[in-house]
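Chain by chain, the residues run as shown.
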Amino acid sequence: MEKNPVFYKCPGCGGTIMEMDPGMCLLSSEDTLSVSCAGTEVEKLSEQTADFATEKHVPIIEKVEGGIRVKVGSTPHPMADEHYIMWIAVQAGADLMIHYLKPGDAPEAFFPPCPDTDVKAYECCNVHNLWVNR
Ligand SMILES: [Fe+2]
């Protein structure tokens with residue numbers, strides 16, 4: 001069974017948290033977890049799919065020799081200290097892979113081959129939050 005992770009971000013430190021089993025908590029009637037980071041409640045991130053201006057955020061999946069490459073944006077996203085892509089993730093069937101980035105890296109990641117099932121790509125910008133390819 002494919003599960004879609006849910007991501008949260010701490011408004012204090014900017015760190016992201018991944019809920020691997022959304023909907024599993026039987027103690028809460030809410031569909032979101034109550035999670036805090038050093039006493040600050042984290043915020044659930046919504047999946048954004050369309051850019052407001054120059055398409056710098058929507059991840060693009062390309063099949064390449066030996067796997068797939070995910071690029072962030074049709075116009076490459078900045079990778080400066082104050083504004084960069086924190087990580088790129090790929091979900092294919094029951095597999096979820098994450099590649100962490102840092103300022104100065106290219107806004108892209110390479111992953112091993114995925115089965116020809118639905119592949120979903122996620123990326124998280126430290127300023128503009130969570131984006132998906134669909
Ligand atoms: Fe951004």
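Each value, and the rule that gives it
- Residues numbered from 1 in each chain as written.
- Predicted model: local features only at pLDDT ≥ 70, side-chain atom pairs only at ≥ 80, totals over all residues.
- Heavy atoms only, no water.
- Pairing = 2+ DSSP bridges.
- Helix = DSSP H or I, 4+ residues; strand = E, 2+ residues; numbered from the N terminus.
- Buried < 20%, exposed > 50% of the residue type's maximum accessible area, 1.4 Å probe, protein only.
- Polar contact = N/O pair within 3.5 Å; in protein donor to acceptor, adjacent residues only side chain to side chain.
- Contact = heavy atoms within 4.5 Å.

Peer 1: Kindly report on the sheet that holds strand β2 (residues 16-19), identifying the contributing residues and their values.
Peer 2: Pairing within the open sheet is antiparallel, and its three strands lie in the order β2-β1-β5. Either end of the sheet is taken by a strand with one partner, and the two such strands are β2 and β5 (43-44). With two bridges connecting them, strand β1 (residues 6-9) and β5 associate as antiparallel partners. Bridging from a neighbouring strand, Y8 pairs with K44 of β5.

Peer 1: Tell me what's going on with the pairing of strand β7 (residues 67-72), and back it up with residues and numbers.
Peer 2: Where strand β6 (residues 59-64) lies against β7, six bridges are found, and the strand directions are antiparallel. Counted as the bridge partner of I61 is V70 from β7. Here β6 folds back onto β7 in antiparallel fashion, the turn holding two residues, of which G66 has a positive phi close to 85°. Pairing geometry for β7 and strand β10 (residues 108-111), over four bridges, is antiparallel. Across the sheet, residue I68 finds its bridge partner in β10, namely F111.

Peer 1: How would you summarise the pairing of β1 if you had to cite specific residues and measurements?
Peer 2: The two faces of β1 match: V6 and Y8 on one face and F7 and K9 on the other face are all buried. Here β1 folds back onto β2, and the loop between the two strands holds six residues, one of which, G14, carries a positive phi near 85°.

Peer 1: I'd like a description of the side chain of H83, backed by residues and values.
Peer 2: Along the chain, H83 turns up in the loop between β7 and β8 (85-92). Using a relative accessible area of 17% as the deciding quantity, one classes H83 as buried. Polar side-chain contacts of H83 include one of 3.0 Å to the side chain of H77. A polar contact of 3.1 Å, which involves the side chain of H83, links it to the side chain of H128. In this structure H83 touches H57, H77, P78, C125, N126, V127 and H128, once residues within four positions along its chain are discounted.

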